[in-house]
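Spelled out, the chains give:
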Amino acid sequence: MNYLIRCFAGLFGAVLTGALVIGCIAERPFYYPVRGESAYTPQEQGLAYEDVYFSSRDGTKLHGWFIPAVGESKGVVLHVHGNTGKIGGHFGIVSWLPRERYDVFMFDYRGYGLSDDESPSPRALMEDTQAAFAWLRQRPDVDPERIMVLGQSLGGNNSIAALALPDENGKTGNVAGVVLDATFESYSAVASDHVPVLGWLLSDRYSANRHIRKLQPIPLLFLHGDQDTVISWQHSQRLFDAALPPKQIRIIPGAEHVRALDDLDTRQEVLRFFEFCLNPYQAQPSP
């Protein structure tokens, strides 16, 4: 009997180890980091910026840019980017915001850009995003009541989990508003869209659909292009349906993956949403 128990325990351990290894391998397609310094910086568009270094929960050093507003700041936008490249490659998406009088804070996850070369994982990137929130809140020239978030693709998922789950001090996040552009509802769902069996190998512990309802009463604006072939717009629709109000959704005709903000009308929608978030009793979101 003892021999059978030991055999069963050994077999169970081997299966569990194999499942963990396969799960880690299945996560790899979510991350396409590019290392090194960004050649393209805000200075190329005549904008001042600061190089910023801060630490994640486990001590991993992260790099970012703080880009002050042109003129008196209305608030600050934390940009949480997707799974490819580094901040220089994402700057064009938010380069218009400082001239609309919004500070912008961008950062690279571990393994990306000038951040420490550590392996990304769903939990690690969620904690990196929490560290970015924490750094921004302690900055003396930032009003913590006037922080907005723009999370794109994987960054939208990370933003939701980072705000909903307790940080290292046991506190959940609170911001004035969140824009989610081309965000997937769960790791398993988007994996299954491309390789059906892959979804079964992934944990959804840090997936957006597990935590989206916890964000109430933070106002949410969902954006998604209807020509997105990376993450279909139905992911945003399902997240929108699961979320609690206040919430809005815009499906942008003709827009591809994370290209919603190329559209000038969509940018105006985002600015109106920010105004509503910062002045909820003076401005109303557009219908």
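Structure: above.
Scoring rules and cut-offs
Residue positions within a chain follow its written sequence, with the count starting from 1. Local features in a predicted model are, by the rule used here, given only for residues with pLDDT of at least 70; side-chain atom pairs are given and counted only at 80 or more, and totals for whole chains, interfaces and linings are based on all residues. Calculated side-chain values reflect all of the structure's heavy atoms, with hydrogen atoms and water omitted. The secondary structure listing takes helices from DSSP runs of H or I that are at least 4 residues long and strands from runs of E that are at least 2 residues long, numbered from the N terminus. For the exposure calls, accessible area comes from a 1.4 Å probe over protein chains only, and a residue counts as buried if that area is under 20% of its type's maximum, exposed if over 50%, partly exposed in between. A contact between two residues is defined here by any heavy atoms of the two lying within 4.5 Å. Axis angles are defined between N-to-C directions and span 0 to 180 degrees, where every axis is a line fitted to C-alpha atoms and, for a helix, only to the segment in contact. These descriptions rest on fixed angle ranges, namely under 35 degrees for roughly parallel, over 145 for roughly antiparallel, 65 to 115 for roughly perpendicular, and the rest for oblique. By convention the crossing between two helices is left-handed if the near helix lies anticlockwise of the far one by an angle smaller than a right angle, and right-handed if it lies clockwise. In this count, Pro and Cys sit with the nonpolar residues alongside Ala, Val, Leu, Ile, Met, Phe, Trp and Tyr, while Asp, Glu, Lys and Arg are called charged and the others, Gly among them, polar. When the centres of two rings from Phe, Tyr and Trp lie within 6.5 Å, Trp using its six-membered ring, the rings pair. Their planes under 30 degrees apart give stacked, over 60 give edge-to-face, and anything left gives tilted. A ring has a charge above it when a Lys NZ or an Arg CZ is no more than 6 Å from the ring centre and no more than 35 degrees off the ring normal.

(A) Broad picture of unusual backbone geometry. Omega for the peptide link from Gln 216 to Pro 217 comes to 15 degrees, which places this bond in the cis form. Tracing the chain through its elements places Pro 217 in the loop between helix H6 (208-211) and strand E9 (220-225). The peptide bond linking Pro 245 to Pro 246 adopts the cis configuration, its omega dihedral lying at 5 degrees. Counting through the fold element by element, Pro 246 comes out in the loop between helix H7 (233-242) and strand E10 (247-252). One non-glycine residue, Ser 153, lies in the positive phi region at around 55 degrees. Position of Ser 153 relative to the elements: it lies in the loop between strand E7 (147-152) and helix H4 (154-164). Residue Ser 153 is classed as buried on the basis of its relative accessible area of 6%. Positive phi, close to 55 degrees, is recorded for Ala 182, a residue that is not glycine.

(B) Representation of the side chain of Thr 129 within the structure. Relative to the helices and strands, Thr 129 resides in helix H3 (residues 122-138). Not counting residues within four places of it along the chain, the set of residues in contact with Thr 129 comprises Val 80, Phe 107, Tyr 109, Asn 158, Ser 159 and Ala 162.

(C) Spotlight on the packing of H3 against H4. Viewed as axis vectors pointing N to C, H3 and H4 meet at an angle of 70 degrees, and their least axial separation amounts to 8 Å. In terms of orientation, H3 and H4 fall into the roughly perpendicular class. When the axes of H3 and H4 are compared, the crossing they make is right-handed. On H4, the residues that touch Leu 125, Met 126, Thr 129, Gln 130, Phe 133 and Arg 137 of H3 are Leu 154, Asn 158, Ser 159, Ala 161, Ala 162 and Leu 163. For the contact of H3 with H4, a count of residues per class yields seven nonpolar, four polar and one charged.

(D) Seen up close, the packing of aromatic side chains. Taken as a whole and assessed by the stated rule, the structure comprises 15 aromatic pairs. Geometrically, the ring pair formed by Phe 273 and Phe 274 is tilted, given 6.4 Å between the ring centres and 45 degrees between the ring planes. Like Phe 274, Phe 273 is buried. Ring pairing ties together the aromatic residues Phe 54, Phe 66, Phe 105, Phe 107, Tyr 109, Tyr 112 and Trp 135, which thus form one cluster. Positioned above the aromatic ring of Tyr 53 is the side chain of Lys 61, whose terminal nitrogen or guanidinium carbon lies 5.3 Å from the ring centre. Above the face of the Phe 66 ring, Arg 139 is positioned so that its terminal group lies 3.7 Å from the ring centre.

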